[in-house]
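# Structure at a glance
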Amino acid sequence: MSKEKSKDKSTKEKAPKVKRMTTAEFDEYVDNGGDIRPYVKFKRVADMNQLVNVDIPNWALANIDREAKRRGVPRKSLIKMWIIDRVDLLMTPPPKK
């Protein structure tokens, strides 16, 4: 199995070397319809997220569903927004007195 993995890695195409350009050159290149894929490293969203299972009481879930419906967003999106908002608050330094 490890031989197969090493074989797969060796057969991958290497990214072509691209000319370095200034910000102005890059902007002009994009404005003229140039392909930016060789110049940008993309990450898959799936690689940046991790699935987490959480047990939530039915009464709380009913309230979450009601709020999600009021806002017109899916339950999962609302929960993600609330968690991210809370994490942002935790990472913000307290104001100086």
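Preceding block: the structure.
No experiment lies behind these values; they were computed from the predicted model shown. (Residues numbered from 1 in each chain as written. Predicted model: local features only at pLDDT ≥ 70, side-chain atom pairs only at ≥ 80, totals over all residues. Heavy atoms only, no water.)

## Considering the overall build of the chain
Of regular secondary structure, the chain possesses five helices and zero strands. Helices and strands appear in the chain in the N-to-C order α-α-α-α-α. For the chain, the residues scored as buried account for 6% of the 97 residues in total. Entry remark: accessible area of the chain is about 10,100 Å², with carbon and sulfur atoms responsible for 56%. (Helix = DSSP H or I, 4+ residues; strand = E, 2+ residues; numbered from the N terminus. Buried < 20%, exposed > 50% of the residue type's maximum accessible area, 1.4 Å probe, protein only. Areas by Shrake-Rupley, 256 points an atom, 1.4 Å probe, with all protein chains shown as cover.)

## A look at a nonpolar patch on the surface
A grouping of Ile83, Val87, Leu90 and Met91 is seen on the molecular surface, where their side chains present a nonpolar patch of about 430 Å² in accessible area. Structurally, Ile83 is set in helix H5 (residues 75–91). The class of Ile83 is partly exposed, set by a relative accessible area of 49%. (Patch = residues over 30% accessible without salt bridge, like charges linked within 9 Å, V, L, I, M, F, W, Y side chains within 5 Å. Salt bridge = Lys/Arg side-chain N within 4 Å of Asp/Glu carboxyl O.)

## A look at the layout of surface pockets
By volume, the largest pocket is sized at about 550 Å³. Every residue lining the largest pocket is counted, 14 residues in all, and those nearest its centre are Val52, Lys76, Ile79, Lys80 and Ile83. Ranked by the residues each element gives to the lining of the largest pocket, the list is headed by H5, at six residues. Class assignment of the residues belonging to the lining of the largest pocket gives a composition of eight nonpolar, three polar and three charged. (1 Å grid on protein atoms, 1.4 Å probe; cavity = no way out; pocket = protein on both sides within 12 Å on 5 of 7 lines; lining within 4 Å. Points joined across faces, edges and corners; volume = space filled by probe spheres on them. Nonpolar A, V, L, I, M, F, W, Y, C, P; charged D, E, K, R; others polar.)

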